[in-house]
Amino acid sequence: MISKATYNQILLKKKKKERNTVVYCRNLPITRNYPFFFQNKDLFVLTYGALVAQLCKDYEKDEDVNQYLDKMGYGIGTRLVEDFLARSCVGRCHSYSEITDIIAQVAFKMYLGITPSVTCNNSSRNEFSLILDKNPLVEFVEELPAGRSSLCYCNLLCGIIRGALEMVHLTADVTFLQDRLKGDSVTEIGIKFLKKQEEKKYRRKK
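In the nomenclature of an unreviewed UniProt entry, the protein chain is known as Trafficking protein particle complex subunit 3-like protein of Sapajus apella. Looking at the Sequence similarities (unreviewed entry) heading of the UniProt record, one finds this comment for the protein chain: "Belongs to the TRAPP small subunits family. BET3 subfamily." We quote the UniProt Function (unreviewed entry) comment for the protein chain here in full: "May play a role in vesicular transport from endoplasmic reticulum to Golgi."

Structure representation (structure tokens):
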């Protein structure tokens, strides 16, 4: 028979282990600890492939798969932003271009190990593109599954960006504009900021 102190130690170790284990929701691998998930990039890439494969079995229409990935990414983004702000220590942004640069140069680098290039797509400077020369999520993917030409394989990323931006009071439309898995020359994520920033919130303090 074990002592009460020993039992409490075993229980504590079990709880710590459970916090970082991968759990399954509707046979889809999801982690309880989102930042931990992204810190293990190889695990994330392999698990994501299994996720998309399972969704393709569950849903006949590509639009439904795309919507599920976006919704799941949105949930991750709303939780991930707290970890990002704590680890990156970025300052206050004063323009959409600054925000987009931080997404590309800090967030993508921190969680996926890549740094997309940024381009501005309009004179109003509220539409930007992230150009991914390398996409870790498709590292082991050569082409889309047969009969899935409308599948947006990496739509999770769009949801993550959208969810994270919303948590800092910025509304944006985030979509894939080009995809190498669909025969395009590059992979391009478009970010269109929909809500005008309030100048008084972003004005420097004198």
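Asker: Before we move on, can you summarise the sheet that holds strand E3 (residues 117–120) with the specific residues and values?
Answerer: Pairing between the strands of a sheet comes from backbone hydrogen bonds, and it takes one of two forms, parallel or antiparallel. A sheet is described by the order of its strands in space; here 4 strands give the open sequence E3-E4-E6-E5, paired in antiparallel fashion. Only two strands of the sheet have a single partner each, and these edge strands are E3 and strand E5 (172–178). Sheet twist, expressed as the average angle between the axes of neighbouring strands with direction ignored, equals 25°. Here strand E4 (residues 127–132) runs beside strand E6 (residues 187–193); their pairing, made up of 6 bridges, is antiparallel. Looking at the pairing, Glu 127 lines up with Lys 192 of E6.

Asker: Break down the nonpolar core for me, citing the residues and quoting the values.
Answerer: Of all hydrophobic cores here, the largest spans 47 residues; its most connected members are Phe 108, Leu 130, Ile 161, Leu 165, Ile 189, Ile 191 and Phe 193. Those elements that provide at least two residues to this core are helix H3 (41–58), helix H4 (62–88), helix H5 (96–112), E4, helix H6 (155–167), E5 and E6. Among the elements that make up this core, the one with the highest residue count is H5 (9 residues). Beyond its immediate chain neighbours, meaning those up to four positions away, Ile 161 contacts Ile 103, Phe 108, Leu 130, Val 174, Ile 189 and Ile 191.

Asker: So what's going on with the side chain of Ser 97? Residues and values would help.
Answerer: Structurally, Ser 97 is set in helix H5. Given a relative accessible area of 19%, Ser 97 falls into the buried group. Within the structure, the side chain of Ser 97 is placed 2.9 Å from the side chain of Ser 95, a separation counted as a polar contact. Apart from the residues within four sequence positions on either side, Ser 97 is in contact with Arg 125 and Phe 128.

Asker: I'd like a description of the packing of H4 against H6, backed by residues and values.
Answerer: Running from N to C, H4 and H6 point in directions that differ by 40°, and their axes come no closer than 6 Å. Judged by the angle between their axes, H4 and H6 are oblique. Here the hand of the crossing between H4 and H6 comes out right-handed. Across from Asn 66, Leu 69, Asp 70, Met 72, Gly 73, Tyr 74, Ile 76, Gly 77, Thr 78, Leu 80 and Val 81 in H4, the residues of H6 making contact are Asn 155, Leu 156, Cys 158, Gly 159, Ile 160, Arg 162, Gly 163, Ala 164, Glu 166 and Met 167. Here the residues of the contact of H4 with H6 are counted per class, giving 11 nonpolar, 7 polar and 3 charged.

Asker: Any chance you could break down the environment of Ala 172 for me, citing the residues and the numbers?
Answerer: Secondary-structure assignment places Ala 172 in strand E5. Residue classification places Ala 172 among the buried residues on the basis of a relative accessible area of 8%. Considering only alpha carbons, one finds Ala 172 and Phe 193, 21 residues apart in sequence, at a separation of 4.3 Å. Beyond its immediate stretch of four places on either side in the chain, Ala 172 contacts Arg 162, Leu 165, Ile 191, Lys 192, Phe 193 and Leu 194.

Rules used in this analysis
Residues numbered from 1 in each chain as written. Predicted model: local features only at pLDDT ≥ 70, side-chain atom pairs only at ≥ 80, totals over all residues. Heavy atoms only, no water. UniProt positions renumbered as here; feature names shortened; annotations may be inferred. Pairing = 2+ DSSP bridges. Helix = DSSP H or I, 4+ residues; strand = E, 2+ residues; numbered from the N terminus. Axes fitted to C-alpha atoms, helices over the stretch in contact; angles between N-to-C directions. Core = buried A, V, L, I, M, F, W, Y, C linked by side-chain atoms within 4.5 Å. Buried < 20%, exposed > 50% of the residue type's maximum accessible area, 1.4 Å probe, protein only. Contact = heavy atoms within 4.5 Å. Polar contact = N/O pair within 3.5 Å; in protein donor to acceptor, adjacent residues only side chain to side chain. Parallel < 35°, antiparallel > 145°, perpendicular 65-115°, else oblique. Left-handed = near helix turned anticlockwise from the far one by under 90°. Nonpolar A, V, L, I, M, F, W, Y, C, P; charged D, E, K, R; others polar.

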